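# Structure at a glance
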Amino acid sequence: MRLLVLGGTEFVGRAVVEAALGRGWDVTVFNRGTHRPPAGVRALQGDRTAPGGLAALAQGEWDAVVDTWSAAPRAVHEAARLLRGRAGRYVYVSSCSVYAWPAPAGYDESAPSVEGAEPDAGTTDYARDKRGAEIAAVEAFGADRCVLVRAGLILGPYENVGRLPWWLTRVARGGPVLAPGPRDLPLQYVDVRDLAEWILGAVEQELSGPYNLISPQRHATMGSLLEACVAATGSAAELRWTEPEVILEAGIAPWTQLPVWVPPGTDMHDALHAADVSRAVAAGLVCRPVEETVADTWNWLRSVGGTAPQRPDLPPLGLDPEVEAKVLAATGGVSGTTP
């Protein structure tokens, strides 16, 4: 297989490149050249946001293109139109955020979506940009040659968002840890490497259309995730499980100050951790255990000096130690038990 990855040096793009190289594919990456690509690829450089920035892609043919673009859809519109006669399939890594809010528990790919941003619009908001990019890809390649990978929460090595790296760093520091309950709260996420393998399988199977790409419901829980962090780091940290109401009353923001966590019984939890992924599973999605994802992310984090790279367009995540200590002191959360 001849694969073109637009990006290919960070998180999702890098995982796709490494998985493709592992299968013996011929891989080309196209990016601005600010990060060194994995060994064994052909590297082309250009800036998709600049006039004439796609010049390096004027020639060449590929069996598939993988695109992870997250900003204004113009970049996807222009790349897809340029490549539609020289690539067999366009795989766009989109997001479950394209569904109209709030997406109900159990939503599948037929759920209503937001209105997509126009191709010539500037950056609007994440959901409309992603949906606009989906539309641009389909308009260029046709619905039968386009795969829309609607990913949810993505974790794993090379994460540059700061969710799992924050938890690992916090647990490694030790001491009492504010663990947001309930302990058995269901989580949905996908290991970036499982996402990458599914994408390559979709290319091989010549799939098309949208797919929700996260683990099946209850693949992990808040308890299994944080306990895996304790085990991976070898920390003496003490998980103090705390009622959701206590956390919210303290003014702590779900998802951002306590990454991954959102309170149960809310629209937010239904939208982020309760999707129907049966279509992706039927097409070959296999999710590794949470313990493996956490341990491998910790090993990677240590290999880069303990500080994960951070996307410049995203704010840092996590809870201020003083706020955590204040809540723990006020509540006396119970260690190791379900609140």
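Above this text you will find the structure in question.
Before going into details, it helps to say that this report is about the structure given with it. Just so we're clear, the structure is a prediction, and the values are computed from it rather than from any experiment.

## Observations regarding the environment of Cys146
Here Cys146 is to be found in strand 6 (residues 146-151). Overall, the relative accessible area of 1% leaves Cys146 in the buried class. Residues Cys146 and Gly209 lie 63 residues apart in sequence; the distance between their C-alpha atoms is 6.2 Å. Ignoring sequence-local partners within four residues, the contact set of Cys146 consists of Arg89, Tyr90, Ala137, Val138, Ser208 and Gly209.

## Concerning the environment of Trp298
Relative to the helices and strands, Trp298 resides in helix 10 (residues 290-303). Counting along the chain gives 141 residues from Trp298 to Pro157, while the straight-line C-alpha distance between them is 7.9 Å. Leaving out residues up to four positions away in the same chain, Trp298 has contacts with Leu168, Ala172, Ala232 and Thr233.

## Looking at helix 4 (residues 163-173)
Buried residues dominate helix 4, accounting for eight of its eleven residues. Taken together, the buried positions of helix 4 are occupied by Arg163, Leu164, Pro165, Trp166, Trp167, Leu168, Arg170 and Val171. One or two positions beyond helix 4, positive phi appears at Gly174, with a value near 85 degrees.

## Remarks on the packing of helix 4 against helix 6 (residues 222-233)
Packing of helix 4 against helix 6 leaves a shortest axis separation of 9 Å and a crossing angle of 55 degrees. Relative to helix 6, the element helix 4 is oriented oblique. Seen along the crossing, helix 4 lies across helix 6 with a hand that is right-handed. Contact with helix 4, carried on its side by Leu164, Trp167, Leu168, Val171 and Ala172, involves Met222, Leu225, Leu226, Cys229, Val230 and Thr233 of helix 6 and no other residues of that element.

## What to know about the sheet that holds strand 1 (residues 2-6)
Taken in spatial order, the seven strands line up as 3-2-1-4-5-6-11 in an open sheet, and their pairing is parallel. Edge positions in the sheet fall to strand 3 (42-45) and strand 11 (209-213), since each of these pairs with one other strand and no more. Across the sheet, the axes of successive neighbouring strands diverge by a mean angle of 20 degrees, strand direction being ignored. Across six bridges, the pairing between strand 5 (residues 87-95) and strand 6 is parallel.

## Regarding the nonpolar core
Counting residues in hydrophobic clusters, the biggest one holds 38 residues, and the most contacted among them are Trp167, Met222, Leu225, Leu258 and Val294. At the level of secondary structure, the elements contributing two or more residues to this core comprise helix 4, strand 8 (176-180), helix 6, strand 13 (238-242), helix 10 and helix 11 (321-331). For this core, the element with the highest residue contribution is helix 6, accounting for six residues. Grouped together as the second largest cluster of nonpolar side chains are 36 residues, Val66, Ile154, Ala283 and Leu285 included.

What counts and how
Within each chain, residues carry numbers counting from 1 in the order of the written sequence. Totals for whole chains, interfaces and linings use every residue, but because this is a predicted model, local features are given only for residues with pLDDT of at least 70 and side-chain atom pairs only at 80 or more, for both listing and counting. For the side-chain quantities, the full set of heavy atoms in the structure was used; hydrogens and water were omitted. Numbering goes from the N terminus for both helices and strands, where a helix is a DSSP run of H or I of at least four residues and a strand is a run of E of at least two. For the exposure calls, accessible area comes from a 1.4 Å probe over protein chains only, and a residue counts as buried if that area is under 20% of its type's maximum, exposed if over 50%, partly exposed in between. Only heavy atoms enter the contact rule, under which two residues are in contact if any of them lie within 4.5 Å. Between the N-to-C directions of two axes lies an angle of 0 to 180 degrees, each axis being a line fitted to C-alpha atoms and, for a helix, fitted only over the stretch in contact. Under this scheme an angle from 65 to 115 degrees is roughly perpendicular, one under 35 degrees roughly parallel, and one over 145 degrees roughly antiparallel; angles in between are oblique. For a crossing to be left-handed, the near helix must be turned anticlockwise from the far one by less than a right angle; the clockwise case is right-handed. At least two DSSP bridges between two strands are required for those strands to pair. For the purposes of this section, nonpolar cores are sets of buried Ala, Val, Leu, Ile, Met, Phe, Trp, Tyr and Cys residues that join through side-chain atoms within 4.5 Å.

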